[in-house]
Amino acid sequence: MALAIALSGQACVWSAPLATTPSDDPPLYAIGWAETGIASWYGEPFHGRNTAAGGTYDMDGISAAHQTIPFGTPIRVDNLDNGRSIELAVTDRGPFVRGRILDVSRAAARELGMIGPGTARVRITVIGPPNAVSALGDCVVVQVASFRERRSAEAKRDEVARAGFEASIEPYEDVYRVVAGPFAEEPAADRALETLGGFMRPC
(Lines give C-alpha, C1' and ligand atoms only; values in the text may rest on other atoms or scores of the structure.)
Protein backbone atom coordinates (compact mmCIF):
# COMPACT_ATOMS: atom_id res chain seq x y z
CA MET A 1 0.00 0.00 0.00
CA ALA A 2 1.46 3.32 -1.00
CA LEU A 3 1.77 6.22 1.35
CA ALA A 4 1.74 9.73 0.03
CA ILE A 5 4.48 11.01 2.28
CA ALA A 6 8.18 10.35 1.86
CA LEU A 7 9.81 8.31 4.59
CA SER A 8 13.30 7.62 5.95
CA GLY A 9 14.50 11.19 5.78
CA GLN A 10 12.89 11.94 2.44
CA ALA A 11 11.75 15.53 2.18
CA CYS A 12 8.09 16.31 1.87
CA VAL A 13 6.43 19.66 1.35
CA TRP A 14 2.82 20.05 2.40
CA SER A 15 1.08 22.19 -0.20
CA ALA A 16 -2.49 23.22 -0.83
CA PRO A 17 -3.91 20.67 -3.28
CA LEU A 18 -4.98 21.52 -6.80
CA ALA A 19 -8.54 20.79 -7.74
CA THR A 20 -8.87 17.48 -9.54
CA THR A 21 -9.95 18.15 -13.11
CA PRO A 22 -10.72 14.96 -15.03
CA SER A 23 -11.36 15.51 -18.74
CA ASP A 24 -13.67 12.50 -19.10
CA ASP A 25 -15.86 10.21 -17.03
CA PRO A 26 -13.27 8.81 -14.58
CA PRO A 27 -14.40 5.15 -14.61
CA LEU A 28 -13.82 4.93 -18.37
CA TYR A 29 -10.14 5.96 -18.42
CA ALA A 30 -10.10 6.23 -22.19
CA ILE A 31 -6.83 7.14 -23.88
CA GLY A 32 -6.41 10.87 -23.39
CA TRP A 33 -8.23 10.96 -20.03
CA ALA A 34 -6.41 13.44 -17.82
CA GLU A 35 -6.30 14.59 -14.23
CA THR A 36 -4.33 17.31 -12.45
CA GLY A 37 -3.34 17.51 -8.82
CA ILE A 38 -0.57 16.88 -6.32
CA ALA A 39 1.76 13.88 -6.63
CA SER A 40 4.20 12.54 -4.05
CA TRP A 41 6.66 9.64 -3.95
CA TYR A 42 7.20 6.62 -1.73
CA GLY A 43 10.18 4.45 -0.88
CA GLU A 44 11.06 2.74 2.39
CA PRO A 45 9.60 0.83 4.16
CA PHE A 46 7.56 -0.35 1.16
CA HIS A 47 10.55 -1.40 -0.96
CA GLY A 48 10.34 -5.16 -1.51
CA ARG A 49 6.77 -5.47 -0.30
CA ASN A 50 3.86 -6.68 -2.41
CA THR A 51 1.98 -4.11 -4.45
CA ALA A 52 -1.79 -4.08 -4.69
CA ALA A 53 -1.44 -5.55 -8.18
CA GLY A 54 0.42 -8.55 -6.77
CA GLY A 55 3.96 -7.68 -7.82
CA THR A 56 6.92 -6.60 -5.71
CA TYR A 57 7.44 -2.89 -5.17
CA ASP A 58 10.85 -1.69 -6.33
CA MET A 59 11.48 1.91 -5.39
CA ASP A 60 14.34 1.98 -7.90
CA GLY A 61 12.00 0.89 -10.69
CA ILE A 62 9.61 3.09 -12.61
CA SER A 63 6.02 2.76 -11.40
CA ALA A 64 3.09 4.60 -9.86
CA ALA A 65 0.17 4.18 -7.47
CA HIS A 66 -3.28 5.60 -8.18
CA GLN A 67 -6.50 5.04 -6.28
CA THR A 68 -8.65 3.87 -9.21
CA ILE A 69 -6.84 3.70 -12.57
CA PRO A 70 -6.69 0.00 -13.62
CA PHE A 71 -3.43 -1.85 -12.98
CA GLY A 72 -1.13 -1.96 -15.98
CA THR A 73 -2.53 1.22 -17.51
CA PRO A 74 0.27 3.28 -19.06
CA ILE A 75 0.21 6.95 -18.13
CA ARG A 76 2.27 10.03 -18.82
CA VAL A 77 3.04 12.23 -15.83
CA ASP A 78 3.96 15.87 -16.49
CA ASN A 79 5.52 17.84 -13.65
CA LEU A 80 3.81 21.22 -13.97
CA ASP A 81 6.38 22.83 -11.68
CA ASN A 82 9.43 22.16 -13.86
CA GLY A 83 8.21 20.82 -17.22
CA ARG A 84 9.71 17.34 -16.81
CA SER A 85 7.72 14.23 -17.74
CA ILE A 86 7.85 10.45 -17.62
CA GLU A 87 5.84 7.49 -18.88
CA LEU A 88 5.07 4.64 -16.49
CA ALA A 89 2.39 2.18 -15.47
CA VAL A 90 0.03 2.01 -12.50
CA THR A 91 0.97 -0.98 -10.36
CA ASP A 92 -0.25 -0.05 -6.88
CA ARG A 93 -3.01 1.73 -4.98
CA GLY A 94 -2.60 5.09 -3.30
CA PRO A 95 -1.97 7.76 -2.20
CA PHE A 96 -4.22 7.85 0.83
CA VAL A 97 -3.51 11.39 1.99
CA ARG A 98 -6.26 13.91 1.29
CA GLY A 99 -5.56 16.06 -1.76
CA ARG A 100 -2.99 13.74 -3.39
CA ILE A 101 -3.77 12.01 -6.68
CA LEU A 102 -0.61 9.98 -7.41
CA ASP A 103 2.36 8.32 -5.74
CA VAL A 104 5.41 7.52 -7.86
CA SER A 105 8.44 5.38 -7.12
CA ARG A 106 11.68 7.00 -6.00
CA ALA A 107 13.28 6.45 -9.42
CA ALA A 108 10.31 8.05 -11.15
CA ALA A 109 10.42 10.96 -8.69
CA ARG A 110 14.07 11.46 -9.56
CA GLU A 111 13.27 11.65 -13.27
CA LEU A 112 10.48 14.11 -12.52
CA GLY A 113 12.77 16.29 -10.40
CA MET A 114 10.66 15.97 -7.24
CA ILE A 115 12.94 14.05 -4.87
CA GLY A 116 13.86 17.14 -2.85
CA PRO A 117 10.48 18.87 -2.74
CA GLY A 118 8.69 15.59 -2.02
CA THR A 119 5.58 16.68 -3.92
CA ALA A 120 4.80 18.33 -7.24
CA ARG A 121 1.86 19.64 -9.21
CA VAL A 122 1.30 17.13 -12.00
CA ARG A 123 -0.95 16.24 -14.89
CA ILE A 124 -1.70 12.54 -15.44
CA THR A 125 -2.69 11.44 -18.96
CA VAL A 126 -3.75 7.91 -19.91
CA ILE A 127 -1.71 6.94 -22.99
CA GLY A 128 -2.79 3.34 -23.54
CA PRO A 129 -5.11 0.56 -22.44
CA PRO A 130 -4.44 -1.85 -19.57
CA ASN A 131 -1.99 -4.43 -20.83
CA ALA A 132 -2.70 -7.89 -22.12
CA VAL A 133 -1.04 -9.48 -25.13
CA SER A 134 -4.40 -10.63 -26.48
CA ALA A 135 -5.60 -7.01 -26.56
CA LEU A 136 -2.52 -5.61 -28.23
CA GLY A 137 -2.01 -7.86 -31.24
CA ASP A 138 0.48 -10.52 -32.28
CA CYS A 139 3.64 -8.68 -31.25
CA VAL A 140 4.27 -6.77 -28.05
CA VAL A 141 7.15 -5.23 -26.18
CA VAL A 142 7.38 -4.47 -22.49
CA GLN A 143 8.11 -0.80 -22.02
CA VAL A 144 10.17 -0.83 -18.84
CA ALA A 145 10.79 2.88 -18.40
CA SER A 146 11.29 6.18 -20.18
CA PHE A 147 13.91 8.83 -19.41
CA ARG A 148 14.74 12.34 -20.47
CA GLU A 149 18.47 11.61 -20.36
CA ARG A 150 19.94 8.99 -22.67
CA ARG A 151 22.58 7.87 -20.17
CA SER A 152 19.82 6.92 -17.74
CA ALA A 153 18.09 4.96 -20.50
CA GLU A 154 21.35 3.19 -21.40
CA ALA A 155 21.88 2.14 -17.80
CA LYS A 156 18.34 0.74 -17.63
CA ARG A 157 18.76 -1.04 -20.98
CA ASP A 158 21.90 -2.74 -19.67
CA GLU A 159 20.02 -3.78 -16.52
CA VAL A 160 17.26 -5.35 -18.65
CA ALA A 161 19.86 -7.20 -20.74
CA ARG A 162 21.53 -8.55 -17.60
CA ALA A 163 18.15 -9.92 -16.56
CA GLY A 164 18.21 -12.06 -19.71
CA PHE A 165 15.90 -10.12 -22.03
CA GLU A 166 16.50 -8.51 -25.40
CA ALA A 167 16.58 -4.79 -24.73
CA SER A 168 16.62 -1.62 -26.80
CA ILE A 169 16.15 2.15 -26.57
CA GLU A 170 13.48 3.94 -28.60
CA PRO A 171 13.75 7.74 -28.88
CA TYR A 172 10.25 9.22 -28.75
CA GLU A 173 9.57 12.95 -28.72
CA ASP A 174 11.60 14.27 -25.76
CA VAL A 175 12.19 10.95 -23.99
CA TYR A 176 14.08 7.68 -24.45
CA ARG A 177 11.97 4.56 -23.97
CA VAL A 178 13.61 1.36 -22.71
CA VAL A 179 11.85 -1.74 -24.02
CA ALA A 180 12.26 -5.50 -23.65
CA GLY A 181 11.27 -7.81 -26.48
CA PRO A 182 9.66 -8.14 -28.96
CA PHE A 183 7.45 -11.02 -27.82
CA ALA A 184 5.00 -13.03 -29.89
CA GLU A 185 3.72 -15.25 -27.07
CA GLU A 186 1.92 -14.25 -23.91
CA PRO A 187 3.94 -16.39 -21.44
CA ALA A 188 7.22 -14.78 -22.52
CA ALA A 189 5.77 -11.28 -22.36
CA ASP A 190 4.18 -11.98 -18.97
CA ARG A 191 7.52 -13.26 -17.64
CA ALA A 192 9.26 -10.06 -18.75
CA LEU A 193 6.50 -7.93 -17.27
CA GLU A 194 6.64 -9.76 -13.94
CA THR A 195 10.45 -9.53 -13.80
CA LEU A 196 10.94 -5.99 -15.06
CA GLY A 197 7.72 -4.12 -14.35
CA GLY A 198 6.45 -1.52 -16.78
CA PHE A 199 3.67 -2.23 -19.23
CA MET A 200 2.99 -4.05 -22.50
CA ARG A 201 2.28 -2.28 -25.76
CA PRO A 202 2.23 -3.17 -29.46
CA CYS A 203 5.54 -3.51 -31.31
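Residues numbered from 1 in each chain as written. Predicted model: local features only at pLDDT ≥ 70, side-chain atom pairs only at ≥ 80, totals over all residues. Heavy atoms only, no water.

**A few points about the pairing of strand β3 (residues 74-79)**
Of all six residues in β3, six are buried; the element is thus mostly enclosed. Residues P74, R76 and D78 line one face of β3 and the alternating positions I75, V77 and N79 line the opposite face, and both faces are buried. The sheet contact formed by β3 and strand β4 (residues 85-92) spans five bridges and is antiparallel. Directly across from P74, in β4, lies its bridge partner A89. Where β3 folds back onto β4 in an antiparallel hairpin, the turn is made up of five residues, including G83, whose phi is positive at roughly 85°. The sheet contact formed by β3 and strand β6 (residues 119-126) spans five bridges and is antiparallel. Residue I75 lies in a different strand from β6, and its bridge partner there is V126. (Buried < 20%, exposed > 50% of the residue type's maximum accessible area, 1.4 Å probe, protein only. Helix = DSSP H or I, 4+ residues; strand = E, 2+ residues; numbered from the N terminus. Pairing = 2+ DSSP bridges.)

**Side note on the pairing of strand β1 (residues 34-42)**
Most of β1 sits out of view: nine of its nine residues are buried. As paired strands, β1 and β6 are joined by seven bridges and run antiparallel to one another. Bridge assignment links S40 to a residue of β6, and that residue is T119.

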